[in-house]
Amino acid sequence: MPISVLESALFKDMFGTAAMRAVFDDRATVRRYVETEVALARVQGRLGVIPAAAAQAIAARADAEAIDLARLAHETEIVGYPILPLVHQLAPQCGPEGEYLHWGATTQDIMDTATVLQVREALAIIEADLAALDEILDGLAERYRDSPMAGRTHLQHALPITFGYKAAVWLLMVRRHRERLAQLKPRVLIGQFGGAAGTLASLGDEGLAVHAALMKELGLAEAPVTWHVARDGLAETVQFLALITGTLGKIAVDVMLMMTNELAEAFEPFVKGRGASSTMPQKRNPISCELMWAASKTVRQHAGLALDAMLQDFERATGPWHLEWSCIPESFVLTAGALNQARFMLAGLEVDTARMRRNLDLSGGLIVAEAVMMGLAPHIGRQTAHDVVYDACRQAATHGLPLADVLHADPAVSSKLDRQAIDRLCDPGNYLGAAPHMVDRLRQQAHG
């Protein structure tokens, strides 16, 4: 009976995806182990390190699907690591030639390289999800480029923005994550092969040649020195996932707040029964946002674990390595799940531009007090204009009056600006600054 939401029959497809779980499940992990062992034998056979016939037999007979997982688990508990127990099963499959399996390798070589192969496959899924999310957010930014809404700082009305601008801010982060991913790959997709202490001593003069050939065979990059205890690449990968889910968590918070009855500006897609309450029929809870938010918190914790795993002793660690066995696959599954929720939620986001406009007008023009101040400043000076408009704002807020009316009644203002000018300055739709043009600039970067 699974105790993790990532494997629970009830919750696993809310917090993760089948595609990402398939990259890291037990069978997939064993397949990557076997793939690495076979690739090692194949290149050693070509280089004459082991008999060519043995390499051919290993490549032909080693069968990951025939591995007895129950036996592997039992022996792994005894040994502490799965590779020796795996070789115990693989060698008999290969006949007498199985004696040449795992030649010159150490357990961590096989496990690390298998992990990197899994990371490569997992990053391809993340890459596709980010590209899809980019397209969705680009569409939102374009569609709502000129749709005014209240910009909020410290949860208070600040200045007008557009919803397209808000979507573009989200998109900016996604674009940067796509850049990070391209930059990340050369540092992370590096195989491991160093032998017991990383020196390849057991292979004599052939060690570096085998190393180079193995990485070429697997399509991975080479490290100039063994990285058994240099875990920064894998740690960076988890930090990268934490950055992605951090962005998704920020988007989730924005949408959750916009879904509140008091704001009612945007809503997750309507699906009958989704977000329903067991006792309150009117409820429409932000389910995707809640899952994205939870993923961001959990992956952040895994990012800390990945950093802890870097603190390894001497040439082979006594325990920190084990932290990666948990934090790497779980971070990928949670990130894939959060991206899946984000794609669903944002692709079907229901945006109420009329409500956004009503909310923008709630303060009776106070949200554009800066515009009035800047319009008045050339006539009476900036600081004086600030004080005049500040007093007008307090009067408007205290008595529930439109700011334009208070300003028009103030001779210090009406003697410099006519009613038409005051009304124009007090219209939030006229004070969007460069927000629409910023949307255009961001979108053009992708198409330029």
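You'll find the structure just up there.
Note that the coordinates shown come from a computational prediction; the quantities given were computed from them, not determined experimentally. (Residues numbered from 1 in each chain as written. Predicted model: local features only at pLDDT ≥ 70, side-chain atom pairs only at ≥ 80, totals over all residues. Heavy atoms only, no water.)

Enquirer: Before we go on, may I ask you to explain the environment of I367 in this structure?
Expert: Summarising the element assignment, I367 is placed in the loop between α13 (353–360) and α14 (369–380). What makes I367 buried here is its relative accessible area of 2%. Remark: the alpha-carbon pair of I367 and C426, spanning 59 residues in sequence, is separated by 8.4 Å. With residues near it in sequence (within four places) discarded, I367 still touches A150, G151, H157, A158, L159, P160, L360 and P428. (Helix = DSSP H or I, 4+ residues; strand = E, 2+ residues; numbered from the N terminus. Buried < 20%, exposed > 50% of the residue type's maximum accessible area, 1.4 Å probe, protein only. Contact = heavy atoms within 4.5 Å.)

Enquirer: Mind showing me how you'd approach unusual backbone geometry here?
Expert: With the exception of glycine, most residues fall at negative phi, and the peptide bonds are largely trans. A positive phi angle, near 55°, is found at H154, a position not held by glycine. The phi torsion at L200 lies on the positive side, around 60°, for a residue other than glycine. Relative to the assigned elements, L200 resides in the loop between α8 (163–188) and α9 (207–218). Using a relative accessible area of 6% as the deciding quantity, one classes L200 as buried.

Enquirer: For this particular structure, what's the right way to read the side chain of Q89?
Expert: By the secondary structure assignment, Q89 is in helix α6 (residues 83–93). Overall, the relative accessible area of 8% leaves Q89 in the buried class. Once residues within four sequence positions are removed from consideration, Q89 is found in contact with A66, I67, D68, R71 and L72.

Enquirer: Can you help me understand the packing of helix α3 (residues 26–47) against α9 in this one?
Expert: Between α3 and α9, whose axes approach to 9 Å, the crossing angle comes to 125°. With respect to each other, α3 and α9 are oriented oblique. Between α3 and α9 lies a crossing whose hand is right-handed. Contact residues: E35, T36, A39, L40, R42, V43, Q44, R46 and L47 in α3; A209, V210, A213, L214, E217 and L218 in α9. (Axes fitted to C-alpha atoms, helices over the stretch in contact; angles between N-to-C directions. Parallel < 35°, antiparallel > 145°, perpendicular 65-115°, else oblique. Left-handed = near helix turned anticlockwise from the far one by under 90°.)

Enquirer: Please explain the nonpolar core as it appears in this structure.
Expert: Residues W170, F332 and L346 are the most contacted members of the largest nonpolar core, which totals 111 residues. For F332, the contacting residues outside a window of four places in its chain are M20, F24, V119, A122, L123, I126, T237 and L241. (Core = buried A, V, L, I, M, F, W, Y, C linked by side-chain atoms within 4.5 Å.)

Enquirer: Help me understand the pairing of strand β1 (residues 148–153), please; the structure alone is not making it clear to me.
Expert: Consecutive side chains of a regular strand alternate in pointing toward one face of the sheet and then the other. Looking at chain direction, β1 and strand β2 (residues 156–162) are connected through 5 bridges and run antiparallel. Bridged to A150 within β2 is P160. What sits between β1 and β2 in their antiparallel hairpin is a turn of 2 residues, with H154 showing a positive phi close to 55°. (Pairing = 2+ DSSP bridges.)

Enquirer: Sorry if this is basic, but what is going on with the packing of helix α11 (residues 287–308) against helix α12 (residues 321–347) here?
Expert: Angle between the axes and distance between the axes: these two values describe a pair of packed helices. For the pair α11 and α12, interaxial distance at closest approach is 9 Å and the crossing angle is 155°. Classified by the angle between their axes, α11 and α12 sit roughly antiparallel to one another. As for the relative orientation of α11 and α12, their crossing is left-handed in sense. Counted together, S288, C289, L291, M292, A295, T298, V299, H302, L305, A306 and D308 of α11 and L323, S326, C327, E330, S331, L334, T335, A338, Q341, A342, F344 and M345 of α12 form the full contact between these two elements. For the contact of α11 with α12, the per-class residue count stands at 14 nonpolar, 7 polar and 2 charged. (Nonpolar A, V, L, I, M, F, W, Y, C, P; charged D, E, K, R; others polar.)

Enquirer: Would you explain the packing of aromatic side chains in this entry?
Expert: For any pair of aromatic rings, geometry is given as the distance between the ring centres together with the angle between the planes. Within this structure, the stated rule accounts for 7 aromatic pairs. Summarising the aromatic geometry, the rings of F24 and F332 are spaced 5.5 Å apart at their centres and angled 25° between planes, so their arrangement reads as stacked. Here F332 lies in helix α12 and F24 lies in helix α2 (residues 18–24), a separation of 308 residues in the sequence. For the pair shown, F24 and F332 are each scored as buried. For the pair F163 and W170, a centre-to-centre distance of 6.0 Å together with 85° between the ring planes defines the contact as edge-to-face. By relative accessible area, W170 is classed as buried at 0%. Site record: aromatic cluster; members linked through ring pairs are Y81, W321 and W325. Of note, R394 hangs over the ring of Y390, and the distance from its end group to the ring centre comes to 5.0 Å. (Phe/Tyr/Trp six-rings, centres within 6.5 Å; stacked < 30°, edge-to-face > 60°. Lys NZ or Arg CZ within 6 Å of the ring centre and 35° of its normal.)

Read these as spatial facts, not as claims about activity.
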